[in-house]
Amino acid sequence: MTFSKTGLVAVSLAALVASGCSTSRFSSMDDQQPAPLEAAPAGKVTANQLPPPASPGTTDPSQFPTAPANTQVASLPPDGTAPAGASDLNAASVAGVWNANVSGQSCKVATPQTKFGAGFRAGPLHCPAPIDGIKSWNVAGKQLTLYDENGGALARLYSSGGSKFDGQTSTGQPISLTR
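Rules of the game
- In this numbering scheme, every chain counts its residues from 1 along its sequence in written order.
- Since the coordinates come from a predicted model, pLDDT governs what is reported: local features require at least 70, and pairs of side-chain atoms require 80 or more to be given and counted, while whole-chain, interface and lining totals use all residues.
- Hydrogen atoms and water are omitted, and side-chain values are computed over all heavy atoms in the structure.
- The secondary structure listing takes helices from DSSP runs of H or I that are at least 4 residues long and strands from runs of E that are at least 2 residues long, numbered from the N terminus.
- We call a residue buried when its accessible area falls under 20% of the maximum for its residue type, exposed when it is over 50%, and partly exposed in between, using a 1.4 Å probe and counting protein chains only.
- A 3.5 Å cut-off defines polar contacts: any pair of N or O atoms within that distance qualifies, except that in protein one atom must be a possible hydrogen donor and the other a possible acceptor, and neighbouring residues in sequence count only when both atoms are side-chain atoms.
- Cysteine sulfur atoms that come within 2.5 Å of each other are treated as a disulfide pair.
- Here a Phe, Tyr or Trp ring, Trp counted by its six-membered ring, pairs with any other such ring whose centre lies within 6.5 Å, and the pair is stacked when the planes are under 30 degrees apart, edge-to-face when over 60, and tilted otherwise.
- We define the nonpolar core as a collection of buried residues of types Ala, Val, Leu, Ile, Met, Phe, Trp, Tyr and Cys that are connected through side-chain atoms lying within 4.5 Å of one another.
- Contacts between residues were defined by any pair of non-hydrogen atoms, one from each residue, lying within 4.5 Å.
- Two strands qualify as a pair provided DSSP detects at least 2 bridges between them.

Undergrad: Sorry if this is basic, but what is going on with the side chain of Gln143 here?
TA: Along the chain, the position of Gln143 falls in strand β7 (residues 143–147). Looking at Gln143, the relative accessible area reads 17%, which means it is buried. Only 2.6 Å separates the side chain of Gln143 from the side chain of Tyr158, close enough to count as a polar contact.

Below, the structure is given as structure tokens:
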């Protein structure tokens, strides 16, 4: 008895199809369903009325946190001159990572000696406004100035001795840098 190639292929395909349809490999998966999840405990939900929004241009000082009583920042002379005892600065004495305190809120400011614009690149790390916008820094005489992306002064500081700088932001907030 001789079989043609076409007949042999047809019989083989029919056998494969028939065996594939009757397989039990996947039947065990069809019967399994994941166990239902337990409901998460729900707390009591209450509703309260929100206060009306403030009008544009008005601010309620009671909405903002105040600095802790133990925050000490040296006061600057009102005319913007360097305080008595402030020392001359150079870039090497400022370069590094600083712990910043802005009106009682803490963050870090990196001041590498990487040239950027008219000074050096700066990087605030989780800082509050306006210090979150620091892009560069530079020193001139006794003053350390922190600048925004447009070259505007965000803060001016003076050495308070050792590894500490004290000053004010452009909005009048006290700021200090320590190591």
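Undergrad: Help me out: how do you make sense of the environment of Val94 in this one?
TA: Relative to the helices and strands, Val94 resides in helix α3 (residues 91–94). Overall, Val94 belongs to the buried group, its relative accessible area being 0%. Taking the C-alpha atoms as reference points, Val94 and Lys164, separated by 70 residues in sequence, lie 9.8 Å from one another.

Undergrad: Which parts of the structure should I look at to understand the state of the cysteines?
TA: Here, the word disulfide means a covalent bond between the sulfur atoms of two cysteines. One pass over the full model with this rule turns up 1 disulfide. Put simply, Cys107 and Cys127 are joined by a disulfide, and their sulfur atoms are 2.1 Å apart. Between Cys107 and Cys127, the S-S dihedral sits near 90 degrees, and the bridge is therefore right-handed. Here Cys107 is found in strand β2 (residues 105–111), whereas its partner Cys127 is found in the loop between β5 (123–125) and β6 (136–140), with 20 residues between them in sequence. Summarising the burial analysis for this pair, Cys107 and Cys127 share the class buried.

Undergrad: I tried to follow the packing of aromatic side chains on my own but got confused; where do I start?
TA: Two descriptors summarise a pair of aromatic rings, namely the distance from one centre to the other and the angle between the planes of the rings. Applying the stated criterion across every chain yields a total of 2 aromatic pairs. Ring geometry for Trp98 versus Phe165: centroids 5.2 Å apart, planes at 75 degrees, classification edge-to-face. In this pair, Trp98 sits in strand β1 (residues 96–102) while Phe165 sits in strand β9 (residues 164–169), placing the two residues 67 residues apart along the sequence. Across the pair, Phe165 and Trp98 agree in class, each one buried.

Undergrad: Can you help me understand the nonpolar core in this one?
TA: Side chains that are nonpolar tend, in soluble globular proteins, to be buried together. One finds Ile131, Trp137, Leu144, Leu146, Leu157 and Phe165 to be the most contacted residues of the largest nonpolar core, which totals 23 residues. Broken down by secondary-structure element, the contributors of at least two residues to this core are α3, β1, β2, β6, β7, β8 (153–159) and β10 (174–178). Beyond its immediate chain neighbours, meaning those up to four positions away, Leu146 contacts Ile134, Ser136, Trp137, Gly152, Ala153, Leu154, Ala155, Leu157 and Ile175.

Undergrad: Quick question: what am I supposed to make of the side chain of Ser159 here?
TA: Tracing the sequence through the fold places Ser159 in strand β8. Excluding residues that lie within four positions of it along the chain, Ser159 makes contacts with Ala86, Ser87, Leu89, Lys142, Lys164 and Phe165.

Undergrad: Quick question: what am I supposed to make of the sheet that holds β6 here?
TA: Adjacent strands of a sheet pair through backbone hydrogen bonds, lying either parallel or antiparallel. Taken together, 10 strands build an open sheet; the order of strands is β3-β4-β6-β7-β8-β9-β10-β1-β2-β5 and the sheet is antiparallel. Here the strands that pair on one side only, and so sit at the sheet edges, are β3 (115–116) and β5. By the bridge criterion, 3 bridges tie β2 to β5 in an arrangement that is antiparallel. Bridge pairing links Ala110 to Gly123 in β5.

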